Protein chains: 2
Amino acid sequence: MAIALNQLGALDAARRLNRRELTAVQMVRACLARIEQREPQVQAWATLDPAHALAQAEALDNGPVRGVLHGLPLGIKDIFDTHDLPTRYGSSVYSQHQPVADAAAVALCREAGGLVLGKTVTTELAAYQPGPTRNPRNVAYTPGGSSSGSAAAVADEMCPLALGTQTAGSIIRPAAYCGVVGFKPTAGRIARGGLKSTAESLDTIGGFARSIDDIGLLASVLMRDARLRQLDYDGTPRIGMLRTFQWRLAQTESRDAFEQAALLLARAGADVQEAALPAEDCALVQLHADVMAYEAASALTYERTQARKQLSTRLVAMLDAGAEIDTAAHQERLARAARARERALRWFDQFDVLLMPSTTGEAPFFEQGTGDPLFCRVWTLFGFPAVHLPFTTGPQGLPVGLQAVGAPGQDQRLLAVGRWMHRVLQEG
Amino acid sequence: MAIALNQLGALDAARRLNRRELTAVQMVRACLARIEQREPQVQAWATLDPAHALAQAEALDNGPVRGVLHGLPLGIKDIFDTHDLPTRYGSSVYSQHQPVADAAAVALCREAGGLVLGKTVTTELAAYQPGPTRNPRNVAYTPGGSSSGSAAAVADEMCPLALGTQTAGSIIRPAAYCGVVGFKPTAGRIARGGLKSTAESLDTIGGFARSIDDIGLLASVLMRDARLRQLDYDGTPRIGMLRTFQWRLAQTESRDAFEQAALLLARAGADVQEAALPAEDCALVQLHADVMAYEAASALTYERTQARKQLSTRLVAMLDAGAEIDTAAHQERLARAARARERALRWFDQFDVLLMPSTTGEAPFFEQGTGDPLFCRVWTLFGFPAVHLPFTTGPQGLPVGLQAVGAPGQDQRLLAVGRWMHRVLQEG
């Protein structure tokens, strides 16, 4: 049975578009049809301009093949500036914001032939206050945040690829809740110009796809690195199973997924070992939260001081708390994080990747907020690359998977080993 | 003889404003009068709205004292977003750009009671293509760049403080050419939200003033650190005199200033030694230029790919060259820079500060461009704090001074020792 065009993976669609066996207009039409059908329930999109998306597609169809993303419709988290669509950062403060230029990441995608299908819902200023988006697997549940719309749109086959950002757990968590691949590269690898800043030492650009090969395609453009399109792996992956200090907070489904994955990966030939945690690192989750609060209070000074009535109570509370943090204490925290990061680097002498839960469990109910970034905070603080691997389902039938973390700068190896692991987990 | 209000230093004016012995309206009027008189020659301002500046001043005079910058008129480099004034980044691409919000640095200044007098001229996108600004000491010469207008405005007593940024030598160089204090703090210490990105691992926010105490006042707000207002120093400064690998490119006036400073500082009681350079670091100046080109090609992808006809030939050439740089080569350069930075840290076991030329010499003629950032590139690459100390004049009667560089994170010590050194140099 032929699958609908909107169901095509990015790499598959890109190959057909590149050979002109498929037009960008066909691809956009299929995505728009899916959105028309599902958007009333899912609410993944902050701004959608079908006529403009089709016009971009026509221009691409009528011109030369521009690059590896030629004709692919992209969902862009509404925290990235776009010159041709309003950009509201999930806040009424920016209800009238029409950027002059594209964010660097968006422009890199367009340079490679990608087209902006629309802007996806972000939580308020990429922090914790949810937008309207529902989990497409079951709309009673949250899709996670802050990249809510990007994860939901890719999961619901509204588009093959989407951009997101992570400051705490804003890529890995929604990827896990929606059951798609989410990738947060090594910090500093993707230019952040034109991205609304939330917490500068933490904000990291990444994306969503439905396979590791697809996310490699997107990452190769954003990171200007063709090696990310070569993810063959024929070694014996050394996998460190890391329970973390938050293990007791993992629900049954996350623990079961972890144990089952260890068995499957070992059976498939991986070298699977328990990774031990240095006791001095037990406070890193709180340390991340404190660093984020301090930096957000600076980055969002305008909003905190001149537009506070337009912010959620929750965000004001975080920013006010962050503004009270003493700079000497903040510097001491950054120094502690740097020392812990140095210790963590030693893991990668022994392991290619660390594997651990992505989330405490399945997605919470929509009304309970976007979930806890607990298992992601430390890796964002360290700037290590992380990828979410969809795996199984939990008691509510919602997705549950695992997070693989790699050594900084070893993004290609993380995705290559991640691809190997993902295949093993999918084959079960 | 009473000095005019526009000639008051920031700290002095702030004290009077704080005690309500001086009103913000008086201060703004004095600055505007100076601008009216001198702007036709100097051309420091990209946007000036006198009525709006006076309205801000009136509001401050009619409200409570808001903070340590209360009522001080600030020049803001036109590379920082301002919610109430257009922000053009020195490029016609942004001729219609009116930001919704203030950049974080601007909002921090306003929170402390500072008022935005106007936007100062930047070179094109903070790169090398000059704006119209002239050196206020002699308008036949360049003020330096990219923070051309901020340095010129402070030097010409149009405002007591101004914000700038440095990606190569864009604070230290114009400070040297115009004969004012310029300060580039440790990288990462001032939030960059709302700042147009040129090269992400290099862009550093700082500022200009006419004394070290004044720049400490501004830095204390931007860095959220009251310690920067306490710059008393009663130790014996250990000063490493660093000729650098570019010594042969220093002109006579820069060499003379260097030698004379060493004598004066030793005579005043400092422990003055020659600092030796590791031979493997001779290529760092070029390495910085390559890192900047690669990162600028990413950060300015929109401009490079969708607005190139509006860019200068020189900028297009840099961006196109940067876009050709292989990412693996770039990563290797960053790794080399990190190793060189580790070696450089050892200097600070022996010295409190390193002292060296800020520029090759006096300002070049206006027609020759904004000068060479040669002596600044390495410290921007390393993210070490640097401050320009005005000292003497050269053969054309233009300012010549020296650059003091401190250990990363030791901004307070750099300014405290810098203040001690500046007094010695001024007393001669």
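Note that this is a predicted model, so its numbers are computed, not measured.

Section: the sheet that holds strand S4 (residues 161–166) of chain B
Residue and element names in this part refer to chain B. Sheet architecture is open: 11 strands sit in the order S1-S3-S2-S4-S6-S5-S10-S11-S9-S7-S8, paired in mixed fashion. The open sheet is flanked by strand S1 (45–48) and strand S8 (271–274), the only strands paired with a single partner. Looking at each pair of strands side by side, their axes are set apart by 30° on average, direction ignored. Both S1 and strand S3 (residues 115–120) contribute to a ladder of three bridges, which runs antiparallel. Each bridged residue has a counterpart across the sheet, and for Trp-45 the counterpart in S3 is Thr-120. The strands touched by helix H15 (residues 411–427) within the sheet are strand S5 (181–184), strand S7 (238–241), strand S9 (353–357), strand S10 (386–393) and strand S11 (399–406), with S10 carrying the most contacts at an inclination of about 5°.

Comments concerning the pairing of strand S2 (residues 73–77) of chain B
Residues and elements named next belong to chain B. For S2, the buried fraction is high: five of the five residues fall into the buried class. Side-chain alternation along S2 places Pro-73, Gly-75 and Lys-77 on one buried face and Leu-74 and Ile-76 on a second face that is also buried. In the sheet, S2 pairs with S3 via five bridges, with the strands oriented parallel. Its bridge partner lying in S3, Lys-77 is registered against Thr-120. In this region the chain leaves S2, passes through helix H4 (residues 104–111) and returns to the parallel neighbour S3; the handedness of that crossover is right-handed. Relative to S4, S2 runs parallel, the two sharing three bridges.

A word on helix H9 (residues 284–299) of chain B
With 16 residues, H9 of chain B extends 22 Å between its outermost C-alpha atoms, agreeing within 8% with the 22 Å of an ideal straight helix rising 1.5 Å per residue. Taken across its 16 residues, H9 of chain B has 14 buried, putting it largely inside the fold.

So, the UniProt feature "domain: Amidase" (unreviewed entry) in chain A
In the UniProt entry, the feature "domain: Amidase" (unreviewed entry) is given for residues 27–415 of chain A. With 38% helix and 15% strand, residues 27–415 of chain A has its two end C-alpha atoms placed 27 Å apart.

What to know about unusual backbone geometry
The omega angle of the peptide bond from Gly-145 of chain A to Ser-146 of chain A is 5°, so this bond is cis rather than trans. You can see Ser-146 of chain A is positioned in the loop between strand S3 (115–120) and helix H5 (148–155). Within the chain, Arg-20 of chain B stands out as a residue other than glycine whose phi angle is a positive 60°. Position of Arg-20 of chain B relative to the elements: it lies in the loop between helix H1 (10–18) and helix H2 (24–42).

Thoughts on the side chain of Glu-200 of chain B
In this structure, Glu-200 of chain B sits in the loop between S5 and strand S6 (204–209). Here Glu-200 of chain B falls in the buried class, since its relative accessible area comes to 18%. Side-chain polar atoms of Glu-200 of chain B contact the side chain of Arg-192 of chain A, separated by 2.4 Å. Apart from the residues lying within four places of it in its own chain, the contact partners of Glu-200 of chain B are Ile-190, Ala-191, Arg-192 and Gly-193 of chain A together with Arg-192 and Glu-295 of chain B.

Examining the confidence of the model for chain A
This prediction gives chain A a mean pLDDT of 97; 100% of its residues lie at or above 70. Taken over the whole predicted complex, pTM reads 0.98, whereas the ipTM for its chain interfaces reads 0.97.

Comments concerning the environment of Glu-295 of chain B
All names here are of chain B. Along the chain, the position of Glu-295 falls in helix H9. Taking the relative accessible area as the measure of exposure, Glu-295 reaches 11% and is therefore buried. Through-space distance from the C-alpha of Glu-295 to that of Ala-323 is 8.6 Å; in sequence the pair is 28 residues apart. In this structure the side chain of Glu-295 is engaged in a polar contact, spanning 3.1 Å, whose partner is the backbone nitrogen of Glu-200.

Some words on H4 of chain B
Counting buried positions over the eight residues of H4 of chain B gives seven, a clear majority of the element. Two residues or fewer after H4 of chain B comes Gly-113 of chain B, characterised by a positive phi angle close to 95°.

Concerning the state of the cysteines
Scanning the model with the defined rule gives zero disulfides over all chains in all. Take Cys-376 of chain A: it sits in no disulfide, and the sulfur closest to it among the cysteines is that of Cys-178 of chain A, at 13 Å. Residue Cys-31 of chain B stays outside any disulfide, its sulfur separated by 6.5 Å from that of Cys-159 of chain B, the closest cysteine.

Reading the values: rules and limits
Residues numbered from 1 in each chain as written. Chains lettered and ligands numbered in written order. Predicted model: local features only at pLDDT ≥ 70, side-chain atom pairs only at ≥ 80, totals over all residues. Heavy atoms only, no water. Pairing = 2+ DSSP bridges. Helix = DSSP H or I, 4+ residues; strand = E, 2+ residues; numbered from the N terminus. Axes fitted to C-alpha atoms, helices over the stretch in contact; angles between N-to-C directions. Contact = heavy atoms within 4.5 Å. Buried < 20%, exposed > 50% of the residue type's maximum accessible area, 1.4 Å probe, protein only. Right-handed = clockwise from strand over helix to strand, strands pointing away. Expected span 1.5 Å × (residues − 1). UniProt positions renumbered as here; feature names shortened; annotations may be inferred. Polar contact = N/O pair within 3.5 Å; in protein donor to acceptor, adjacent residues only side chain to side chain. pLDDT = per-residue confidence, 0-100. Disulfide = S-S within 2.5 Å.

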